[in-house]
Amino acid sequence: FGYYEPQYMGVILNDEYSQSFSNKLRIDLQSTEIENVTFAANFDYITYHGRTDWNLLEFFPDDISDQVPSIFYPLYNYKYDDTLFLDNAYLKMAFSKFDLTLGKQQISLGTGYAWNPTDLFNVKDVADPTYEQPGHNAARLDIAFTSRYSATAIYLPENSWLDSGKFLKLGGKLSHFDYSLLFIEKQWQLTDYTSLDINYSKRRLYGGDIVGELFGLGVWSEYGFNTLEHHSDFWEILFGMDYTLDNGTYLMAEYFHNELAKNDYRDYDMNDWLRYFAAESRTISRDNLYLYFDFPLTDLIHCGNSTIISLSDGSFSLVPTVTYNLSQNVEINLFTGINFGSEGKAFSSNQGYSGILRFRVYF
């Protein structure tokens, strides 16, 4: 089984309109014929058409891009190439006291919707945070001590034990809340784009998350304190809540504080912008707010909007969405990105406007 996903994207940038197309075919395999043993795999084949070459400097404030000599412009080119890859392939064995999963598998951490301070393995696209994340080569052990307490250990092998990723989580239940305490250690890439030096530092995260219900509201939170070998320590924290009205309208809000980012947009430099585009940092600005609503216009059509706000510099982006479930196996999504902010801010209107029309057919 799987799905086919054709997608069209249009972008208005510097008063010019560009368009690109992609075709994605995802094949999912799964076998459960052996008792207590599951094998699963996912293959993705993606082709790109239209405009496939972009230069990141086009999206930066002029005072940042002007610092780059023209001879170095090609270093900031990004090209979408056709690709065929094994996204996941894993074996899961269920024993009486624990489950063991081996292979390339999903590692999704945290309770947040737009951001996850406790996840060092993935960085979400805040304009499309629910899109599937890539698999990671790992060995995972899940132990259920009782109905209320559990533990998870994950090992991601690299060249040596010291370079490999380690993850340990202890989870529990308290009244209407699920909570966990966790520790992560992995090599972290932090690039100095002014000198094009790639620095690797051992990063350790100490944190936890909680999710539950309070006064009829769904609430959740994440916290991570990060220590680094070659960089100052920093912390990140997230708070979120949601509520569904009687008419089916879904409302959500999330606040995210990123101590690694800066509070004054006049201090944003090339490293801040490129580390954000390269997913080395979750945000450009320090304090951020995500607002979302979804309204069922009919049984088949949902309308919604995401508002992503930089509280640090006052800029924001609107992402209106329309979802049409043409049938049980056919889904159509339309969403756009419109920025409101002066040049140099996190969501500057100089970054252009975009729209995506995405079809998905499951088989």
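The structure presented is a predicted model; accordingly, all values stated were derived computationally and were not measured.

Some details on the overall build of the chain
Scanning the chain for helices and strands turns up 2 helices and 20 strands. Counting only C-alpha atoms and orienting by the principal axes, one finds that the chain spans roughly 60 × 50 × 45 Å. Out of the 363 residues in the chain, the part that is buried amounts to 42%. Residue pairs in contact within the chain that sit at least 24 positions apart in sequence constitute 50% of those at least 6 positions apart. When the accessible area of the chain is evaluated, it comes to approximately 19200 Å², of which 58% is carbon and sulfur surface. Taken together, the 25 basic and 48 acidic charged side chains of the chain have centroids lying 6 Å from each other.

Looking at the packing of aromatic side chains
Evaluation of the coordinates by the stated rule reveals 21 aromatic pairs. With 5.2 Å between their ring centres and 20° between their planes, Y155 and W161 make a pair best called stacked. Using a relative accessible area of 27% as the deciding quantity, one classes Y155 as partly exposed. Aromatic ring contacts, followed pair by pair, group W54, F59, F60, Y268, W273, Y276 and F277 into a single cluster. A cation sits over an aromatic face here: R51 above W54, 3.8 Å from the ring centre. Its guanidinium or amino end placed over the ring of Y3, R360 lies 3.9 Å from that ring's centre, counting from NZ or CZ.

Overview of the nonpolar core
Formed by 30 residues in total, the largest nonpolar core has its most connected members in F60, W115, Y290 and I308. Of all the secondary-structure elements, those providing two or more residues to this core are β1 (2-13), β15 (250-258), α2 (270-277) and β16 (287-296). Element by element, the count of residues in this core is highest for α2, at 3 residues. Residue contacts for I308: discarding those within four places in its chain leaves W115, V126, A127, L289, Y290, S315, F316, S317, V319 and F347. Grouped together as the second largest cluster of nonpolar side chains are 11 residues, L109, A138, I154 and L182 included.

Description of the pattern of salt bridges
When their charged atoms lie close together, side chains carrying opposite charge are able to pair. On inspection of all chains with the given rule, the structure shows 19 salt bridges. For the salt bridge of K24 with E132, the shortest nitrogen-to-oxygen distance reads 2.5 Å. A residue pair is termed long-range when its members are at least 10 positions apart, and K24 in strand β2 (residues 16-31) and E132 in the loop between β7 (98-105) and β8 (136-144) qualify at 108 residues. The partly exposed category is assigned to E132, whose relative accessible area is 28%. The closest approach of N and O atoms between R26 and D87, which form a salt bridge, is 3.0 Å. Taken together, the residues R26 in strand β2 and D87 in strand β6 (residues 83-94) connect sequence positions 61 residues apart. A cluster of three or more residues bridged by salt bridges with shared partners is formed by K24, R26, D28, D44, D87 and E132.

A closer look at the pairing of strand β19 (residues 330-340)
Where strand β18 (residues 316-327) and β19 come together, 9 bridges link them in antiparallel fashion. Directly across from S327, in β19, lies its bridge partner V330. Hairpin connection, β18 to β19: the antiparallel pair is bridged by 2 residues.

With respect to a negative patch on the surface
Negative charge collects at one region of the surface, where D62, D63, D66 and E343 lie side by side. Using a relative accessible area of 35% as the deciding quantity, one classes E343 as partly exposed.

Things to note about α2
With respect to burial, α2 is a largely interior element, 6 of its 8 residues being buried. Those residues of α2 not exposed but buried are M270, N271, D272, W273, L274 and R275. Taken together, the buried residues of α2 touch α1 (62-65) and β11 (177-192). Of the residues flanking the start of α2, the one acting as N-cap is D269, its side-chain oxygen 3.1 Å from the backbone nitrogen of N271. In the segment just after α2, A279 is the residue with positive phi, at about 65°.

The rules behind these values
Residues numbered from 1 in each chain as written. Predicted model: local features only at pLDDT ≥ 70, side-chain atom pairs only at ≥ 80, totals over all residues. Heavy atoms only, no water. Helix = DSSP H or I, 4+ residues; strand = E, 2+ residues; numbered from the N terminus. Buried < 20%, exposed > 50% of the residue type's maximum accessible area, 1.4 Å probe, protein only. Contact = heavy atoms within 4.5 Å. Areas by Shrake-Rupley, 256 points an atom, 1.4 Å probe, with all protein chains shown as cover. Lys, Arg positive; Asp, Glu negative; His and termini not counted. Charge placed at Lys NZ, Arg CZ, Asp CG, Glu CD. Phe/Tyr/Trp six-rings, centres within 6.5 Å; stacked < 30°, edge-to-face > 60°. Lys NZ or Arg CZ within 6 Å of the ring centre and 35° of its normal. Core = buried A, V, L, I, M, F, W, Y, C linked by side-chain atoms within 4.5 Å. Salt bridge = Lys/Arg side-chain N within 4 Å of Asp/Glu carboxyl O. Pairing = 2+ DSSP bridges. Patch = residues over 30% accessible without salt bridge, like charges linked within 9 Å, V, L, I, M, F, W, Y side chains within 5 Å. Polar contact = N/O pair within 3.5 Å; in protein donor to acceptor, adjacent residues only side chain to side chain.

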